[in-house]
Amino acid sequence: MSRAVAIVGSGPSGCYLAQALLKADPQLRVDILDRLPVPYGLVRYGVAADHQGTKAVIRQFERLFERQGACFVGNVVVGEDVTLDELRQAYDAVVLAAGLSGDRALGIPGEHLEGVHRAGYLTRALYEHPDAEPLPQLGRHVVIMGNGNVAIDLLRLLAKTPGELAGSDLGPVPTDWLAGSGVETIDIIGRSPAADAKFDAVMIKELAKLEGVTIEVVGAGVSDDDEGAKKIAALDAIHGHKTGSRRVTFRFGLTPVRLEGKDGRVGEAVFQDANGGTMSLPCSAFITAIGFEAAAGLPRDELVGCAAELELGVLADGLYATGWFRRGPRGTIPDNRADAQLLAARILADLEASDTGLEKPGRHAFPQWTAAVCYDDWKRIDAAETASPPQDRCRVKIPSREAMLALARQTKEPDL
Amino acid sequence: MKIMLLYGTETGNAEMLAEDIMAELEGEHEVECRNLSDFGPAEFDARRLHMIVCSTYGDGELPASAQPFAEALKAAAPSLSDIHFAIFGLGDSEYEETFNFGSKGLAELLVSYGAVQVGERVTHDASGSDMAEDLAFPWAAGIVALAEQKIGEAV
Ligand SMILES: Cc1cc2nc3c(=O)[nH]c(=O)nc-3n(C[C@H](O)[C@H](O)[C@H](O)COP(=O)(O)OP(=O)(O)OC[C@H]3O[C@@H](n4cnc5c(N)ncnc54)[C@H](O)[C@@H]3O)c2cc1C
Ligand SMILES: Cc1cc2nc3c(=O)[nH]c(=O)nc-3n(C[C@H](O)[C@H](O)[C@H](O)COP(=O)(O)O)c2cc1C
């Protein structure tokens, strides 16, 4: 008898979990569900278009579906197309690896003004997520609020010249949008001092390669702490980097107080500095990159709130959580791998202990999932995306769900 | 030949490659594949070839699964003069200044305790167009041929 496990979400957490489960027990039936017709979550739609090396983990995940026997069930929204309870009935174990895709709000006056954008919204638009909204006009003066790696990704992409995007998978619409953005200044603001910034020093070092900018770092300070000192050294090293006219300015220790504007459009961001003084920056766009939270859909707060053993990823009997959905919006791809490996061991032990001798139907309980996209369907989409990209791109993503589904449903032409 | 295939990894790429190398070599050789996190310096064996696949992380550092091994090695400071190893690196040329420093550093560390490196260190670039196995399989075949002479002579 083989046990059935449903994993909700095909991002790195879901995929690493399936990998670990199937490595330990190749007999398991593991289905990975995703609301999108395409797999891999933020590896596809979050990891920057110009960081293709980081996306190479996809080769491991392909093997999961091609050799380890995991099954991709795309285009099925848990909470809409199927309830969590129905899933729990049909599977021996259900794991929520659905990530956190909601943008956190800053909570200051003026946030509703036109020209205020959140990082998740922008990155989804840049990377052509099927649910993305159109890319906005940024104007000449951009302020990025936040000091995590996502903020640096946005800064880097906005600062790059078109030639610097060679080799990426940035699509034609975002490419034209960046090339024609007209952005002249980018100020990136950290609430904390530089030493406590969340970004990694390597992300800052990478900015020394930018070809069309003048970088200024204001008030990086000093630090006795090793990690802090590394960040400050990286910032000091890019201070004064001058290869072009677009101005990039790092500022620290500034708490946003309010956004002001005229005719409903943001025009100025007001901050308080560490000494209680006020400073303001003119801006035509204000981008918040301050973290993520649960999006509408699965009742995460409720589920996580009454979790049996949240640290171990156990929400209830046969119900588990991993990755960002469990931990919150912190941690990189390797953190999810470690998290998933620990949870896999726990699930295997629980399955062992709960053997009732009854075989659960798994996805066969849901004949109504006729619109589901399987792995072979995805490979058709993948093939279409990689068949003939322009010379300086490695892929051209298909941006709309309709077009993806049309390709997915295209059955193979019979051989003549 | 007896081969101990070891990998140091952060996101699993080196592990997958090590498994692929094992599948390539298994037919003709006796291969054991292990994570460096589960391998101690006392387990080096003069009769085996140690083949290491190791990535680079952070700012030119060893990946998480290789770090405890490197620490243990430094603490034990063993003499490895009868130990043969070969190493293959995974990295990304996006990180120009520290490209493949993980495998480089690990090789230097082993050599500093007297271990004998067999063949050249070959590296893969995640931003390049080669598949890791397309570089690693010929590397492995070449290393095994070299090591068969060397270890044969030594034992
Ligand atoms: C912009 C950005 C850039 C990043 N860059 C890097 C980087 O360069 N390197 C790095 O290591 N980390 C990076 N990270 C962090 C990394 O992406 C996360 O650690 C990781 O993706 C979290 O994995 P996850 O599987 O938990 O969530 P996700 O990757 O978000 O995957 C969740 C999946 O669940 C699906 N889903 C959600 N709700 C449902 C539902 N109701 N039913 C069915 N399916 C559902 C989603 O469609 C998605 O595919 C970045 C994050 C962001 C936001
Ligand atoms: C955050 C981060 C830092 C990295 N740092 C380096 C580096 O300094 N030098 C290098 O050559 N490669 C670096 N790499 C690239 C990895 O070594 C490469 O992606 C490799 O395939 C990872 O293999 P693994 O999954 O076995 O860890 C880095 C990758 C990431 C995501």
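Residues numbered from 1 in each chain as written. Chains lettered and ligands numbered in written order. Predicted model: local features only at pLDDT ≥ 70, side-chain atom pairs only at ≥ 80, totals over all residues. Heavy atoms only, no water.

Student: Provide a residue-level description of the overall build of chain A, including the pertinent values.
Tutor: Counting its secondary structure elements, chain A contains 14 helices and 17 strands. Taken over the C-alpha trace, chain A has a radius of gyration of 23 Å; the compact-globule value for 416 residues is 22 Å, and the two agree within 12%. Dimensions of chain A, computed from the C-alpha atoms along their principal axes, are close to 70 × 55 × 40 Å. Counting only contacts in chain A whose residues sit at least 6 apart along the sequence, the fraction spanning at least 24 positions is 76%. Summed over all atoms, the accessible surface of chain A reaches about 18,200 Å², with 51% contributed by carbon and sulfur. (Helix = DSSP H or I, 4+ residues; strand = E, 2+ residues; numbered from the N terminus. Rg over C-alpha atoms; globule rule 2.2 N^0.38 Å. Contact = heavy atoms within 4.5 Å. Areas by Shrake-Rupley, 256 points an atom, 1.4 Å probe, with all protein chains shown as cover.)

Student: Describe the domain arrangement of chain A, naming the residues involved and giving the relevant values.
Tutor: Residue and element names in this part refer to chain A. On domain assignment, one finds that chain A holds domain 1 (4–100 + 294–408) and domain 2 (103–291). One C-alpha centre belongs to domain 1, the other to domain 2, and the line joining them spans 31 Å. Contacts between domain 1 and domain 2 engage 21 residues on the former and 20 residues on the latter. For the domain 1 and domain 2 pair, buried surface summed over both sides reaches about 1,900 Å², with 51% attributable to carbon and sulfur atoms. When residues of domain 1 are sorted by the area they lose upon contact with domain 2, Tyr45, Asp50 and Arg393 head the list and together hold 32% of the total. Across the domain 1-domain 2 interface, the total number found is three salt bridges. Linking domain 1 to domain 2 there are 12 residue pairs in polar contact (both at pLDDT 80 or more). Secondary structure elements with two or more residues in the side of domain 1 that touches domain 2: α2 (41–45) and α14 (401–409). Of the residues belonging to the side of domain 1 that touches domain 2, the class tally is nine nonpolar, four polar and eight charged. (Domains from an automatic or database assignment. Buried area = accessible area lost by both parts, 1.4 Å probe. Salt bridge = Lys/Arg side-chain N within 4 Å of Asp/Glu carboxyl O. Polar contact = N/O pair within 3.5 Å; in protein donor to acceptor, adjacent residues only side chain to side chain. Nonpolar A, V, L, I, M, F, W, Y, C, P; charged D, E, K, R; others polar.)

Student: With reference to specific residues and values, describe the interface of chain B and chain A.
Tutor: Contacts between the two partners involve 22 residues from chain B and, on the opposite side, 19 residues from chain A. Interface area, chain B with chain A, both sides summed: about 1,700 Å², of which 42% is carbon and sulfur. Considering only the surface of chain B that becomes buried against chain A, Thr11(B), Met16(B) and Glu94(B) emerge as the three largest contributors, covering 31% of it. Across the contact surface, chain B and chain A share eight salt bridges. Run the count over chain B and chain A and you get 11 residue pairs in polar contact (both at pLDDT 80 or more). Those elements that provide at least two residues to the side of chain B that touches chain A are α1 (13–25) and α4 (132–154) of chain B. Here the element with the most residues in the side of chain B that touches chain A is α1(B); it accounts for five residues.

Student: Go over the sheet that holds strand β17 (residues 319–321) of chain A with me, naming the residues and quoting the values.
Tutor: Residues and elements named next belong to chain A. Taken together, six strands build an open sheet; the order of strands is β3-β2-β1-β4-β17-β16 and the sheet is mixed. Two strands bound the open sheet, and with one partner strand each, they are β3 (71–74) and β16 (314–316). On average, adjacent strands in this sheet sit at an angle of 25 degrees to one another, irrespective of strand direction. (Pairing = 2+ DSSP bridges. Axes fitted to C-alpha atoms, helices over the stretch in contact; angles between N-to-C directions.)

Student: Could you give me a rundown of the nonpolar core, with the residues and numbers involved?
Tutor: Burial of nonpolar side chains together is a common tendency in soluble globular proteins. Residues and elements named next belong to chain A. Counting residues in each nonpolar core, the largest one holds 94 residues, and the members touching the most others are Ile7, Ile144 and Phe250. Each of two domains, domain 1 (4–100 + 294–408) and domain 2 (103–291), supplies a minimum of three residues to this core. In this structure, Phe250 is in contact with Ile152, Leu155, Ile188, Ile204, Leu207, Ile215, Glu216, Val217, Val218, Leu235 and Ile238, ignoring residues within four places of it in sequence. (Core = buried A, V, L, I, M, F, W, Y, C linked by side-chain atoms within 4.5 Å. Buried < 20%, exposed > 50% of the residue type's maximum accessible area, 1.4 Å probe, protein only.)

Student: Quick one: what's the story with a negative patch on the surface, residue by residue and with numbers?
Tutor: A contiguous patch of negative charge on the surface is contributed by Asp196(A), Asp224(A), Asp225(A) and Asp226(A). Note on placement: Asp196(A) falls in the loop between β8 (185–189) and α8 (201–205). (Patch = residues over 30% accessible without salt bridge, like charges linked within 9 Å, V, L, I, M, F, W, Y side chains within 5 Å. Lys, Arg positive; Asp, Glu negative; His and termini not counted. Charge placed at Lys NZ, Arg CZ, Asp CG, Glu CD.)

Student: Provide a residue-level description of the site of ligand 2, including the pertinent values.
Tutor: Residue and element names in this part refer to chain B. The immediate surroundings of ligand 2 are formed by 19 residues, with Thr9, Thr11, Thr56, Thr98 and Asn100 found nearest. Between Asn13 and ligand 2, the recorded distance is 2.8 Å, taken from a backbone N or O atom to an oxygen atom. One of the backbone nitrogen or oxygen atoms of Gly60 is found 2.9 Å away from an oxygen atom of ligand 2. Relative to its unbound accessible surface of 640 Å², ligand 2 loses 93% to contact with the protein. Among the secondary structure elements, those contributing two or more residues to the shell around ligand 2 are α1 and β4 (84–91). Residue classes in the shell around ligand 2 are distributed as five nonpolar, 11 polar and three charged. (Near = heavy atom within 4 Å.)

Student: Residue-level account of the packing of helix α1 (residues 12–24) of chain A against helix α12 (residues 333–353) of chain A, with values.
Tutor: All names here are of chain A. Orientation of α1 relative to α12, taken along the N-to-C sense of each, is 40 degrees, at an axis distance of 8 Å. The pairing of α1 with α12 is recorded here as oblique in orientation. Helix-helix and strand crossings are classified by hand; for α1 and α12 the assignment is right-handed. Contact with α1, carried on its side by Pro12, Ser13, Tyr16, Leu17, Ala20, Leu21 and Ala24, involves Ile333, Asn336, Arg337, Ala340, Gln341, Leu343, Ala344, Ile347 and Leu348 of α12 and no other residues of that element. When its residues are assigned to classes, the contact of α1 with α12 shows 12 nonpolar, three polar and one charged. (Parallel < 35°, antiparallel > 145°, perpendicular 65-115°, else oblique. Left-handed = near helix turned anticlockwise from the far one by under 90°.)

Student: Give a detailed account of the packing of aromatic side chains, specifying residues and quantitative values.
Tutor: Residues and elements named next belong to chain A. For the structure on display, the rule yields 13 aromatic pairs over all chains. Here Phe250 and Phe252 contribute two aromatic rings whose centre-to-centre distance is 6.3 Å and whose plane-to-plane angle is 20 degrees, an arrangement assigned as stacked. Residue classification places Phe252 among the buried residues on the basis of a relative accessible area of 11%. With a centroid separation of 4.4 Å and an interplanar angle of 10 degrees, the aromatic rings of Phe366 and Trp369 are classed as stacked. (Phe/Tyr/Trp six-rings, centres within 6.5 Å; stacked < 30°, edge-to-face > 60°.)

Student: Can you break down the site of ligand 1 residue by residue, with the values?
Tutor: All names here are of chain A. Around ligand 1 sit 31 residues, and of these Ser13, Asp34, Gly331, Ile333 and Asn336 come closest. Between ligand 1 and Pro12, the relevant distance is 3.4 Å, taken from an oxygen atom to a main-chain nitrogen or oxygen of the residue. For ligand 1, an oxygen atom lies 2.9 Å from a polar atom in the backbone of Trp324. Notes on ligand 1: free accessible area 1,000 Å², of which the protein chains cover 90%. Mapped onto the shell around ligand 1, the elements with two or more residues apiece are α1, α2, α6 (149–159), α11 (323–327) and α12. Classifying every residue of the shell around ligand 1 gives 15 nonpolar, 13 polar and three charged. For the shell around ligand 1, the domains that each give at least three residues are domain 1 (4–100 + 294–408) and domain 2 (103–291).

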